Amino acid sequence: MASEPFLRRYRNWYAKLLRLYPKPYRERFGEGMEQTFNDLCRERAQEGKGLFRLALWMFVETSAGIIKENATIITRSIMNRGSTIFLRLVISLIAIAALAVCVFPLPRMIAKEAAKTPDTAWQIYLFLAGAYLQAALFVFALFQAFKLLNYIDGNKAFSELSVRALRRIKHSAITIGLLMVVGIVWVMILSAGTGDDSAGPVMLGLIGTFASSVVAAVAAILQTQVQKAIDTRKEGLP
Amino acid sequence: MTYIRNGYIAERVKNLTYTPLTPAVLHILLALSTQERHGYGIMKQVESDSHGKVKMGPGTLYGSIGRMIDAGLIRESDKKVDPEMDDERRVYYQITGIGQKTLAAELERYREVVAVARKRQLATNLLAYGL
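The structure contained in this document is the topic of the report that follows. For clarity, every value in this text was computed on a predicted model and none was experimentally measured.

Cut-offs and rules
- Residues numbered from 1 in each chain as written.
- Chains lettered and ligands numbered in written order.
- Predicted model: local features only at pLDDT ≥ 70, side-chain atom pairs only at ≥ 80, totals over all residues.
- Heavy atoms only, no water.
- Helix = DSSP H or I, 4+ residues; strand = E, 2+ residues; numbered from the N terminus.
- Buried < 20%, exposed > 50% of the residue type's maximum accessible area, 1.4 Å probe, protein only.
- Contact = heavy atoms within 4.5 Å.
- Areas by Shrake-Rupley, 256 points an atom, 1.4 Å probe, with all protein chains shown as cover.
- Phe/Tyr/Trp six-rings, centres within 6.5 Å; stacked < 30°, edge-to-face > 60°.
- Lys NZ or Arg CZ within 6 Å of the ring centre and 35° of its normal.
- Polar contact = N/O pair within 3.5 Å; in protein donor to acceptor, adjacent residues only side chain to side chain.
- Salt bridge = Lys/Arg side-chain N within 4 Å of Asp/Glu carboxyl O.
- Expected span 1.5 Å × (residues − 1).
- Axes fitted to C-alpha atoms, helices over the stretch in contact; angles between N-to-C directions.
- Parallel < 35°, antiparallel > 145°, perpendicular 65-115°, else oblique.
- Nonpolar A, V, L, I, M, F, W, Y, C, P; charged D, E, K, R; others polar.
- Pairing = 2+ DSSP bridges.
- Core = buried A, V, L, I, M, F, W, Y, C linked by side-chain atoms within 4.5 Å.

In this section: the overall build of chain B. When helices and strands are tallied, chain B shows five helices and three strands. Element order for chain B, N to C, with α for helix and β for strand: α-α-β-α-α-β-β-α. Per-residue burial over chain B gives 36% buried out of 131 residues. Considering only contacts in chain B between residues 6 or more positions apart, those separated by 24 or more positions represent 52%. Of the roughly 7,800 Å² that chain B leaves accessible, carbon and sulfur atoms contribute 57%.

Moving on, we come to the side chain of A:R88. Residue and element names in this part refer to chain A. For R88, the location among the structural elements is in helix α4 (residues 85-103). Accessibility expressed as a relative area gives 16% for R88, which makes it buried. Beyond its immediate sequence surroundings of up to four residues, R88 is in contact with F146, L149, N150 and D153.

Let's shift gears to the packing of aromatic side chains. Tallied over the entire structure, the rule returns nine aromatic pairs over all chains. Relative to A:Y25, the ring of A:Y21 lies with its centre 4.5 Å away and its plane at 20°, an arrangement referred to as stacked. Considered together, A:Y21 and A:Y25 belong to a single accessibility category, that of buried residues. Linked through ring pairs, A:Y21, A:Y25, A:F29 and B:Y62 together constitute an aromatic cluster. The ring of A:F146 is capped by A:R88, whose NZ or CZ atom sits 5.3 Å from the centre of that ring. One cation-aromatic arrangement involves B:K80 over B:Y92; the distance from NZ or CZ to the ring centre is 4.8 Å.

Once that is clear, we can look at the environment of B:T60. Structurally, the position occupied by B:T60 is in helix α4 (residues 58-70). Sequence spacing of B:T60 and B:A24 is 36 residues, and the spatial spacing of their C-alpha atoms is 7.7 Å. Reaching out from B:T60, the side chain makes a polar contact with the side chain of A:E61 at a distance of 2.3 Å.

Here we come to the pattern of salt bridges. Under the defined criterion, the tally for this structure stands at 15 salt bridges over all chains. Across the pair A:R11 and B:E88 runs a salt bridge whose closest N-O atoms are separated by 3.8 Å. Placement of the pair is A:R11 in helix α1 (residues 4-18) and B:E88 in the loop between β2 (74-81) and β3 (89-95), with the two residues belonging to separate chains. Since its relative accessible area comes to 26%, B:E88 is described here as partly exposed. A salt bridge links A:D39 to A:R42; the nearest nitrogen and oxygen atoms lie 3.3 Å apart. Linking A:D39 with A:R42, this pair stays in helix α2 (residues 23-46), spanning three residues, or about one helical turn. Using a relative accessible area of 27% as the deciding quantity, one classes A:R42 as partly exposed. Among the ionic contacts, a cluster of salt bridges with common partners joins A:D39, A:R42, B:D86 and B:R90.

Here we take up the interface of chain B and chain A. At the interface, 31 residues of chain B touch 32 residues of chain A. Applying the counting rule to chain B against chain A returns seven salt bridges. For B:D86, the salt bridge identified is with A:R42, shortest N-O distance 2.9 Å. Counting the contacts that link chain B with chain A gives 16 residue pairs in polar contact (both at pLDDT 80 or more). Counting residues per element, the ones that place at least two in the side of chain B that touches chain A are α1 (2-18), α3 (39-49), α4 and β3 of chain B.

Quick look at helix α6 (residues 121-153) of chain A now. The end-to-end C-alpha separation of α6(A) is 48 Å, in line with the 48 Å expected for 33 residues at 1.5 Å each. Phi turns positive one or two residues past the end of α6(A), at A:N155, with a value near 60°.

On to the packing of α4(A) against helix α5 (residues 105-116) of chain A. Residue and element names in this part refer to chain A. Running from N to C, α4 and α5 point in directions that differ by 30°, and their axes come no closer than 3 Å. Here α5 runs roughly parallel to α4, going by the angle between their axes. Every residue of α5 that contacts α4 at A100, V101, C102 and V103 is listed here: P105, L106 and P107. For the contact of α4 with α5, the per-class residue count stands at seven nonpolar, no polar and no charged.

This paragraph deals with helix α2 (residues 23-32) of chain B. With eight of 10 residues buried, α2(B) lies mostly within the body of the structure. Those residues of α2(B) that fall on the buried side of the exposure criterion are B:A24, B:V25, B:L26, B:H27, B:I28, B:L29, B:A31 and B:L32.

A few words now on the sheet that holds β2(B). Taken together, the three strands give an open sheet; going across it, the order is β1-β3-β2 (chain B), and neighbouring strands pair in antiparallel fashion. One side of each edge strand has no neighbouring strand; the edge strands of this open sheet are β1 (37-38) and β2 of chain B. Direction of pairing for β2(B) relative to β3(B): antiparallel, over a ladder of six bridges. Its bridge partner being in β3(B), B:K80 is matched across the sheet by B:R90. Contacts between α2(A) and the sheet are confined to β2 and β3 of chain B, with β3(B) contributing the most and set at about 105° to the helix. Against the sheet, α2(B) makes contact with β1, β2 and β3 of chain B, and its axis sits at roughly 100° relative to β3(B), the strand it touches most.

Once that is clear, we can look at the nonpolar core. In this structure, A:M33, B:L29, B:I42, B:L61, B:Y62 and B:I65 are the most contacted members of the largest nonpolar core, which totals 42 residues. In contact with B:Y62, not counting residues within four places along its chain, are A:Y25, A:F29, A:G32, A:M33, A:T36, B:G39 and B:Y93. A:A95, A:A145, A:I152 and A:A165 belong to the second-largest nonpolar core, a separate cluster that totals 20 residues.

This is the structure in structure tokens:
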């Protein structure tokens, strides 16, 4: 059958995707999921229909499952460990790195670019402003994550305070993602007439957009889970 | 911390057992109520039970299966070959006693809701006929 090589390729990709599940989950269900994926694809192929849409749908659907299971694992491991020192350290290091990039290399790079083309220097400065806005939002989100860790250590993980911190992280991530999209569109418009190759910056922007959407999705899931836990506890204690 | 964690888990299990089930959980229980099935078998049964309206992908299906096993609604039975398919061995899942009870309670809840709806419908009909 003509779809046989496609089937094999999709199954390989799907197996790779499944590696992103947390290990215990993958060991429990990985094989079954792969079989089920294969069964569904084969059924579709035997009906003589195209595989692409079905496969795409299952990849998206499984990705949502991956984000959800990882968020659950992260919540559980934070709560079990009781100590959040390692996460605090990581967050602090990331924040310092982000600030360092903003203070030293970024302005120098921009100044060099602006000197090259003085006529259109305002465009480059606008980019700088956008980058600083994103950095500010990023550090703000990290600060909220730090506060969240404080709540967890103070036994206030399931409180309106953590819901608020998570909501702020979600909103920051969404805004950063939107700024990235605006930046991508703008670079494409600017480079359209000039023949400059814009693939590099656009690719970077796409990666950034993807990363911030993942962060936003995880924050949103955690937010609803915490909210749900608060609500059920309220109902449980009249 | 332990207390909170246990409290949270206890509440989750209670929810799964007594409050409205999510459509995915309800359909998986329905599919397993007559016989044990593997993942693909559950999917096919759910699709035919719902006349194609409920379409689950592997992510939703196995996510729900994991949570349902943890809550004691279903369990893994055997890993064996499905004679109607190929010679690959597949894990079968079967409903537990708690699962049966949960399903019965949920169906009873639906019956009550439908009964109320019928009564209302009757009342409006009577009104429409000017009685």
